[in-house]
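Breakdown of the fold
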Amino acid sequence: MQQLNRPVRRALLVLHVAVSVSWLGVTLGLLALGITGWTTHSAEMTAVAYRAMKVFGDWLVLPLALSALVTGLLLSLGTPWGLARHRWVYLKFWLTLVALLLSVFSLRPGIDHLAAEATTGTPAPDIGLVAAPAVASALYFFLTTISVLKPWGLTRRGRRLREDRAAEARARRLPGSGRAGAGVS
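On to the environment of Arg-9. Mapped onto the secondary structure, Arg-9 falls in helix α1 (residues 6–39). According to the relative accessible area criterion, Arg-9 is partly exposed, its value standing at 31%. For the pair formed by Arg-9 and Asp-58, sequence separation is 49 residues and the distance between their alpha carbons is 30 Å. Filtering out sequence-adjacent residues up to four positions away, Arg-9 remains in contact with Leu-4, Leu-75 and Thr-79.

This brings us to helix α3 (residues 87–120). Helix length check: α3, at 34 residues, gives a terminal C-alpha distance of 48 Å against a target of 50 Å (1.5 Å per residue), a fit within 8%. In the segment just after α3, Gly-121 is the residue with positive phi, at about 90°.

A few words on unusual backbone geometry. Despite not being glycine, Lys-150 has its phi angle at roughly 50°, a positive value. What makes Lys-150 partly exposed here is its relative accessible area of 34%. Of note in the backbone geometry, Trp-152 takes a positive phi value of approximately 80° without being a glycine. Within the secondary structure, Trp-152 is located in the loop between α4 (128–149) and α5 (156–173).

Looking now at the side chain of Lys-92. Tracing the backbone shows Lys-92 in helix α3. For the buried residue Lys-92, which engages in no salt bridge, the nearest side chain bearing the opposite charge is Asp-58, 25 Å off. Polar contacts involving the side chain of Lys-92 include one to the side chain of Ser-147, which spans 2.6 Å.

Take the packing of aromatic side chains next. Taken as a whole, this structure holds 5 aromatic pairs when the rule is applied. Ring centres of Trp-81 and Trp-88 lie 5.4 Å apart, and the angle between their planes is 75°; on these two criteria the pair is classed as edge-to-face. Assessed through its relative accessible area of 35%, Trp-81 is described here as partly exposed. Ring geometry for Phe-142 and Trp-152: centres 6.5 Å apart, planes at 40°, overall tilted. Of this pair, Phe-142 sits in helix α4 while Trp-152 is found in the loop between α4 and α5, placing the two residues 10 residues apart along the sequence. Exposure remark for Phe-142: the relative accessible area of 35% places this residue in the partly exposed category. Ring pairs connect the aromatic residues Tyr-90, Phe-93 and Trp-94, which therefore count as one cluster.

As a further point, take α4. With 22 residues, α4 should cover 32 Å at 1.5 Å per step; its first-to-last C-alpha distance of 31 Å lies within 8% of that length. Along α4, the positions that sit buried rather than exposed are Leu-129, Val-130, Pro-133, Ala-136, Ser-137, Tyr-140, Leu-143, Ile-146 and Ser-147. Residues of α4 that are buried make contact with α1, α2 (43–77) and α3.

What counts and what doesn't
Residues numbered from 1 in each chain as written. Predicted model: local features only at pLDDT ≥ 70, side-chain atom pairs only at ≥ 80, totals over all residues. Heavy atoms only, no water. Helix = DSSP H or I, 4+ residues; strand = E, 2+ residues; numbered from the N terminus. Buried < 20%, exposed > 50% of the residue type's maximum accessible area, 1.4 Å probe, protein only. Contact = heavy atoms within 4.5 Å. Expected span 1.5 Å × (residues − 1). Lys, Arg positive; Asp, Glu negative; His and termini not counted. Salt bridge = Lys/Arg side-chain N within 4 Å of Asp/Glu carboxyl O. Polar contact = N/O pair within 3.5 Å; in protein donor to acceptor, adjacent residues only side chain to side chain. Phe/Tyr/Trp six-rings, centres within 6.5 Å; stacked < 30°, edge-to-face > 60°.

Listed below in structure tokens is the structure:
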């Protein structure tokens, strides 16, 4: 993919950070509501917490998760970081994909089930709706940490690409090879 120009890259970076932080915020909100539903002694409060979780799950989780994945993918492919050049980018991509899939196939169905029970007036507190957002929040904090610290260095592919570029640069600097030495007697 062609490298993004600076204004596009910066706008995409701002969008990526905004949706990623929003995804974390929604997950923390889900955690607070899950804890409320689990710990309250009021069936009415439990029902309200689970119905509120459904609103978050239906309207925010999937759009934010998809936006974080897509903007991150575009940034990785449109910048020198690349998708498979640095270990932290590669790991972040796969963990984001797993988090998105777990949100769709595990978290949202669990929320939907308890919200349906809440509308019938029989919500049973579920520790799963505390555990899932807690694990997701920890994961998103980890992803934020590796985005800031950029640990672990290059992948094998990244090292090979760097070596190839360095070899090309050396070849261009050698007298008599390429354009640098052309026409010199």
